[in-house]
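Residues per chain are reported as follows:
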Amino acid sequence: MKTILVIIDGCRTDGLQQAVTPNIDYIIENGAHTLNASTVTPSITLPVHFSIFTSLKPISHNVLTNTGSPAPSSEARSIIDVAKDFGKKTAAFYSWEHFRNLSSPGSLDHSHLIKSSSVENCDIEIAKAAADYLKFSYPDFCFVYFEGTDLAGHKAGWMSKEYLDAIEMADTALGIILEALTKPNLSGGYNIILHSDHGGVDKHHMKNSQEVMTVPWIAFGPGVKLKHRITDSVNIIDTAPTLAKLMDIPAHHTWQGRAVDEIKSIIYKENSKEKSKTQSEVTVQEGLSRREFVRKTVQWESQSELQPV
Ligand SMILES: [Zn+2]
C-alpha cells in the first residue's frame, strides 16, 4: 500500500495537547498512536531525520550536525532508496534544502522545495503542493515536512503562543493533505505516519530532557488499527521499517529499528483471529459527523482492493 510520512518539526507532545488540532485529533482517534515515542541523540534536525530515514542511530549513520554536505556512513540506506529499489514511485515536499540529502541521487521521482523564508505560511504552501501532486500522480511514498513549529520555537520559545499557533498551522496543513485523500480518483488508499523529530524547551532543543526527547508518533490509514493506543516503546528509528512493511517491501538489512507491528489492522493479518475494525470498515462519516474539521468523507479504496498480504 501507499504511504505518506508527515514530519512536524519540533512538535512537543504537550504542545499538541494544548493547541487546537482537529485534524491531528482525527487521525489519532481513527488510527494508532503513542504520545511517548523517543527520538535520538543528538536531537538536531538533520541527524534525527537521517535516523528517521535510514533507521540508524546517529552514531551509526554518522550525520551529527546540520551540515549542508553530510557524509553518511556506507551502511546508511534511506527508506526512499529502498522504496525506489523495489520500483516504488517516490516524492518529497520540504522547506529546508538540507533534506535533498536524505536519499541518494535518482531515488526521488519528484522533489519539491519551497524555502520557508520565501513565503509567509510555508507549511500551507508545502501541503498544497503535496496535495496537488498526490491527487494527480499517486506516489507510493511521499514525504511531507512542516517546519513552522520549529521556527516558532526558536523565535518565540517552545510552548509560547506563537509556537502553539504554529502547531495549529501545521494541523491546518495536514487537513489539506487529508482532504486530498478524499478525491475519488486517488486510488490505492494512503497510510499516514506522522510524528516530530524532537521537542524543545526555552528556544532550543539541545537538552536531554523529556520535553525534547519525547515525541508524538501517529499512524493512520487502511492498514492501521482504529482507536489504538500503542503500548510498545517506539523510537523514531522504527519509522522506516514500519513504512516499508506498510508498502510491502523488505526492511534493509542495516536498519536498527523494527516495524511497529502493533498498529497493523486485520487486513494485513491473514489467518489472524484478531477482530479489530479496519479503516475501510469504519464508518468514517461517523467520525466526521462528530467533528467539523474534515469537510469530506475519507474515501479509502474499495474493500475488494484491500487484500491481505
Ligand atoms: Zn527539528
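Residues numbered from 1 in each chain as written. Predicted model: local features only at pLDDT ≥ 70, side-chain atom pairs only at ≥ 80, totals over all residues.

### Comments concerning the overall build of the protein
Applicable threshold: Counting from the N terminus, the helices are the DSSP runs of H or I reaching at least four residues and the strands are the DSSP runs of E reaching at least two. Neighbour counting defines burial: a residue surrounded by 20 or more other C-beta atoms within 10 Å of its own C-beta is buried, one with 12 or fewer is exposed, and intermediate counts give partly exposed, using backbone-placed C-beta atoms. What counts as a contact here is a pair of residues whose C-beta atoms, placed from the backbone, lie within 7 Å.
A tally of helices and strands in the protein yields 11 helices and 8 strands. The buried share among the 309 residues of the protein stands at 52%. Of the contacts made within the protein by residues no fewer than 6 positions apart, 69% connect residues no fewer than 24 positions apart.

### A word on the nonpolar core
For clarity, the threshold we go by: Nonpolar cores are identified as sets of buried Ala, Val, Leu, Ile, Met, Phe, Trp, Tyr and Cys residues joined via C-beta atoms within 7 Å.
Counting residues in each nonpolar core, the largest one holds 84 residues, and the members touching the most others are Val-144 and Ile-177. The greatest single-element share of this core, amounting to 12 residues, is contributed by helix α8 (residues 161-180).

### A closer look at the pairing of strand β2 (residues 32-38)
The side chains of a regular strand alternate, first on one face of the sheet and then on the other. Here is the rule we go by: A pair of strands is labelled paired if DSSP reports no fewer than 2 bridges between them.
In this sheet, strand β7 (residues 214-220) lies alongside β2 in antiparallel orientation, the contact comprising 5 bridges. Paired with Thr-34 across the bridge in β7 is Trp-217. Bridge count for β2 against strand β8 (residues 228-229) is 2 bridges, and the pairing is parallel. By the bridge assignment, His-33 is partnered in β8 with Arg-229.

### Focus: α8
Under the convention used in this document: In this scheme, a helix's expected span is set at 1.5 Å multiplied by one less than its residue total.
An ideal rise of 1.5 Å per residue puts 28 Å on 20 residues; α8 measures up with 29 Å between its terminal C-alpha atoms. Counting buried positions over the 20 residues of α8 gives 14, a clear majority of the element.

### Regarding the confidence of the model for the protein
Using the following cut-off: Each residue carries a pLDDT score, the predictor's confidence in it, ranging from 0 to 100.
Within the protein, residue pLDDT values average 87, and 84% of them lie at 70 or more. Scored below 50 in pLDDT, residues 270-309 shows 69 contacts in the model against residues more than four places distant or in partner chains.

### Digging into helix α6 (residues 122-137)
Selection rule: As used here, the arc is the angular range of directions from the helix axis to the C-beta atoms.
In this model α6 runs 22 Å from its N-terminal to its C-terminal C-alpha over 16 residues, within 8% of the 22 Å that 1.5 Å per residue would give. Residues of α6 that are buried: Cys-122, Asp-123, Ile-126, Ala-127, Ala-130, Ala-131 and Leu-134. Projected down its long axis, α6 shows its buried positions confined to an angular sector of 160 degrees, all on one face. Contact partners of the buried residues in α6: β3 (90-94), β5 (141-146), α7 (148-156) and α8.

### A look at the sheet that holds strand β6 (residues 190-195)
Quick reminder of the rule: Only C-alpha atoms enter the line fits that serve as axes; for helices the fit covers just the stretch in contact. Angles between N-to-C directions range over 0 to 180 degrees.
Pairing is mixed across the open sheet formed by 8 strands, whose spatial order is β4-β3-β5-β1-β6-β7-β2-β8. The sheet terminates laterally at β4 (110-113) and β8, the two strands that pair on one side only. Its contacts with the sheet put α6 on β3, β4 and β5, and the angle it makes with β5 is roughly 165 degrees.

### Examining the pairing of β5
β5 sits mainly inside the fold: 6 of its 6 residues count as buried. Residues Phe-141, Phe-143 and Tyr-145 point to one face of β5 and Cys-142, Val-144 and Phe-146 to the other, with burial holding for every one of them. Of the strand pairs in this sheet, strand β1 (residues 2-8) and β5 are connected by 6 bridges, and their pairing is parallel. The residue of β5 that forms the bridge with Ile-4 is Cys-142. One ladder, built from 4 bridges, connects β3 with β5; its direction is parallel. Bridge assignment links Ala-91 to a residue of β5, and that residue is Cys-142.

### What to know about unusual backbone geometry
The peptide bond linking Thr-41 to Pro-42 adopts the cis configuration, its omega dihedral lying at 5 degrees. Residue Asn-62 is not a glycine yet carries a positive backbone phi of 75 degrees. Classification of Asn-62 as partly exposed rests on a count of 16 C-beta atoms within 10 Å. Positive phi, normally seen in glycine, also occurs at Asp-202, with a value near 55 degrees. Residue position: Asp-202 is located in the loop between β6 and α9 (210-213). On the neighbour-count criterion, Asp-202 (14 C-beta atoms within 10 Å) is partly exposed.

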